[in-house]
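The residues making up each chain are set out below.
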Amino acid sequence: MARYLLRRLNLFLATSLVLFAVLFMVTSQFPVEQRFALTGIQSPSAEQITQIEEDYKLNSGKFNQFIAYLQQRLGGNLGISATSQRPVADELASVLPASFELAAVAGFLALAFGLPLGILASLSRHKVTQHTIMAITLTGYSIPVFWLGLTLSLWFGVQLGWLPISGRLNLLYEIEPVTGFILIDTLISSSPYSTSAFLDALLHIILPAVTLAVLPFTVVVRITRAAMISIMEQTYIKAAEARGLHTSRIVLRHALPNALIPVIKNLGLMLGTFASYSIVVEVIFSWPGVGAWLVSGIYQRDYTAIQGGVLAVALIIIFLSIMIEVLHTTMNPLSRKELYASN
C-alpha cells in the first residue's frame with residue numbers, strides 16, 4: 001500500500017509539473033507585456049522592473065525562466081490582481097471556501113436523493129416506478145445547466161418569491177467570517193441574530209446547490225441502479241436471502257457498500273465536468289466563488305487572476321481525482337487484490 005500511495009504522489013507531482021509548464025507557455029502568449037502578465041503590476045517603477053526581471057529570470061533562457069516561474073508560484077507568489085491590486089493568493093483564499101461549500105452541499109444532495117432512488121429503481125417490481133425514475137434522471141442529465149438555473153430562478157425566486165436568487169447572505173446580516181463557510185460562520189457567530197442569518201444563508205444556497213446537484217444526481221441514480229441489479233444477483237446475496245435476512249438489512253449491510261464502489265469511481269471521472277458546471281452556476285446566481293471570480297477576471301483581462309484561478313481549479317481537480325482513486329482502491333477488494341499482486 002505504501003508503494004501505491006507513493007506512486008499516486010508521484011503522479012500528482014508529475015501532473016502538476018505539466019500543468020505549470022502549460023500555464024508558463026500560455027503566459028508568454030498573452031497579448032500584453034510579459035512583466036504585466038506575470039505580476040499584474042501595470043506601471044512598474046525602475047526598481048520594480050529590475051526586481052521582476054531578477055525574480056523571473058527574464059534575461060535568461062526559457063528553461064531558467066520556467067524554473068523561476070515555478071519557484072515563484074510554489075512560493076505562493078501568484079502576482080497581484082490588475083483590477084483590485086490585491087495579491088491573487090489572498091483573493092483565492094477568500095473565494096475558494098464559497099465554492100467548496102456550494103460543491104459540498106450539491107454533492108450531499110446528489111447522494112442523499114440519488115442513492116435511495118437508485119436502490120428503489122433496482123428493487124421495484126413495478127415497471128411504472130422504474131420507468132418514471134429513469135425518465136427523471138434522463139431528463140435531468142439532458143437539461144442544460146444554464147437553462148435550469150435561469151428557470152429555477154424565474155420560478156422560485158421571481159414569480160413565487162420563495163427563495164433568493166443571488167449572493168450568499170442578506171446584506172442586513174453582519175457575520176464575521178471565520179472559516180469562510182457561511183453556514184458554519186452563522187452557526188458559530190455570537191451575534192444575537194445568528195439563527196436568522198443561518199436560515200437566510202440556507203435559503204440562499206438552495207437554488208444554486210440544487211442546480212449544481214442535478215448532473216451528479218442523475219449519474220448516482222443510474223450507476224446505483226445498475227450496480228444494485230448486478231449485486232442482487234450475486235451468490236452471497238442469494239445466500240443471505242435463503243437465511244431469512246430482511247431485505248433492508250441485506251441492502252444496507254451487503255449490497256449498498258459494494259454498489260458505492262462504482263458510484264465513487266464515476267464521480268471521480270466527472271470532476272472536470274462538475275467544476276465547469278459549478279462555474280456556470282456561480283455566474284448565474286452571483287455566488288461569490290472561484291468560478292464567478294475567474295469569469296470576472298476573464299472579462300476584465302486580469303491575466304494574473306486568470307492564471308491563479310485556472311491553477312487552483314486544476315490542482316484541486318487533480319488532487320481530488322487521485323484521492324478518489326485511492327479511496328476506490330481501498331474500498332474495492334478486487335483492486336486491493338491486484339494492488340498486492342503487483343507489489
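Quick look at the structure, then. Numbers given for residues are sequential positions, taken from 1 along each chain in its written order. Per-residue local features of the predicted model are confined to residues with pLDDT of at least 70, and side-chain atom pairs are confined, for both listing and counting, to 80 or more; whole-chain, interface and lining totals are unaffected and use all residues. Computation of side-chain values: all heavy atoms of the structure, hydrogens and water removed.

## Things to note about the nonpolar core
Here, nonpolar core means buried Ala, Val, Leu, Ile, Met, Phe, Trp, Tyr and Cys residues that are tied together by side-chain atoms lying within 4.5 Å of each other. Exposed residues in this analysis have more than 50% of their type's maximum accessible area, buried residues have under 20%, and partly exposed residues fall in between, with area computed by a 1.4 Å probe over protein chains only. Y69, L92 and W293 are the most contacted members of the largest nonpolar core, which totals 25 residues. Mapped onto this core, the elements with two or more residues apiece are α1 (2-27), α3 (46-56), α4 (62-74), α5 (88-123), α13 (290-299) and α14 (303-331). The greatest single-element share of this core, amounting to 7 residues, is contributed by α14. Apart from the residues lying within four places of it in its own chain, the contact partners of L92 are L78, P97, V290, W293, G308, G309 and A312. L152, I182, I205 and F274 belong to the second largest nonpolar core, which has 23 residues in total. The helix count covers DSSP runs of H or I at least four residues long, the strand count covers runs of E at least two residues long, and both are numbered beginning at the N terminus. We call two residues in contact when some of their heavy atoms are within 4.5 Å.

## Describing unusual backbone geometry
Positive phi is not limited to glycine here, since Q85 has a value of about 60 degrees. The residue Q85 is located in the loop between α4 and α5 in this model. By relative accessible area, Q85 is classed as partly exposed at 44%. Even without a glycine there, the phi angle at R301 is positive, about 55 degrees. Examined against the element boundaries, R301 turns out to sit in the loop between α13 and α14.

## Details of the packing of aromatic side chains
Stacked, tilted and edge-to-face are the three classes applied to pairs of Phe, Tyr and Trp rings, where Trp contributes its six-membered ring and a pair requires centres within 6.5 Å; stacked means planes under 30 degrees apart, edge-to-face means over 60, and tilted covers the rest. In total, this model carries 6 aromatic pairs according to the counting rule given. Taken together, the aromatic side chains of F24, F66 and Y69 make up a single cluster linked through ring pairs.

## Observations concerning the pattern of salt bridges
The salt bridge criterion pairs a side-chain nitrogen of Lys or Arg with a carboxyl oxygen of Asp or Glu, the two atoms within 4 Å. The full count for this structure, using the stated rule, is 4 salt bridges. Residue R35 pairs with E33 through a salt bridge whose shortest N-O separation is 2.9 Å. Between K238 and E233 there is a salt bridge, and its shortest N-O distance comes to 3.9 Å. Residue K238 is classed as partly exposed on the basis of its relative accessible area, which comes to 38%. Exposure remark for E233: the relative accessible area of 55% places this residue in the exposed category. Residues participating in the shared-partner salt-bridge network are E33, R35 and E53.

## As for the packing of α5 against α13
Running from N to C, α5 and α13 cross one another at 135 degrees; their axes reach a closest spacing of 8 Å. The angle between α5 and α13 places the two elements in the oblique class. Across from V88, E91, L92, V95, L96 and S99 in α5, the residues of α13 making contact are V290, G291 and W293. Taken together, the residues of the contact of α5 with α13 break down into 6 nonpolar, 2 polar and 1 charged. Angular values range over 0 to 180 degrees, each being the angle between N-to-C directions of two axes fitted as lines to C-alpha atoms, with helices fitted over their stretch in contact. Relative orientations are named as follows: roughly parallel for angles under 35 degrees, roughly antiparallel for angles over 145 degrees, roughly perpendicular for angles from 65 to 115 degrees, and oblique for any other angle. By the convention adopted, Pro, Cys, Tyr, Trp, Phe, Met, Ile, Leu, Val and Ala count as nonpolar, Lys, Arg, Asp and Glu as charged, and the other residues, Gly among them, as polar.

## Looking at the environment of T330
Of note, T330 is situated in helix α14. Overall, the relative accessible area of 38% leaves T330 in the partly exposed class. Considering only alpha carbons, one finds T330 and I261, 69 residues apart in sequence, at a separation of 9.7 Å.

## Considerations on a nonpolar patch on the surface
Residues V18, V22, M25 and V26 make up a contiguous nonpolar surface patch of roughly 340 Å² in combined accessible area. A residue is classified by how much of its surface remains accessible, and V22, at 41% relative accessible area, is partly exposed. Patches in this entry comprise residues that are over 30% relatively accessible and not in a salt bridge; like charges within 9 Å are linked, as are nonpolar side chains (Val, Leu, Ile, Met, Phe, Trp, Tyr) within 5 Å. Per-residue and other accessible areas were derived by the Shrake-Rupley procedure at a 1.4 Å probe size, with only the shown protein chains allowed to occlude residues.

## Points about helix α6 (residues 127-142)
Working rule for helices: expected span equals 1.5 Å times residues minus one. In this model, α6 (16 residues) spans 22 Å end to end at C-alpha, consistent with the 22 Å of a helix rising 1.5 Å per residue. Along α6, the residues classified as buried are Q130, I133, M134, T137 and G140. Relative to the axis of α6, the buried residues are bounded by an arc of 125 degrees and lie together on one face. Opposite the buried face of α6, at more than 90 degrees from it, the exposed residues are K127, V128, H131, L138 and S142. Starting at the helix axis, one direction is taken to each C-beta atom, and the arc is that of these directions.

## Some details on the packing of α13 against α14
At their nearest, the axes of α13 and α14 sit 8 Å apart, and the two run at 150 degrees to each other. With respect to α14, the axis of α13 lies roughly antiparallel. The chirality of how α13 crosses α14 is left-handed. Of the residues in α14, those touching α13 at V290, W293, L294, G297 and I298 are A305, I306, G309, V310 and V313. Split by residue class, the contact of α13 with α14 holds 8 nonpolar, 2 polar and no charged. For any pair of crossing helices, the crossing counts as left-handed if the nearer helix is rotated counterclockwise from the farther one by less than a right angle, and right-handed if it is rotated clockwise.

## Description of the environment of R86
By secondary structure assignment, the location of R86 is in the loop between α4 and α5. Judged by relative accessible area, R86 falls into the partly exposed class, the value being 39%. Put simply, R86 and S43 are 43 residues apart on the chain and 15 Å apart in space, counted from C-alpha to C-alpha. Aside from chain neighbours lying at most four places away, what touches R86 is I80, S81 and E91.

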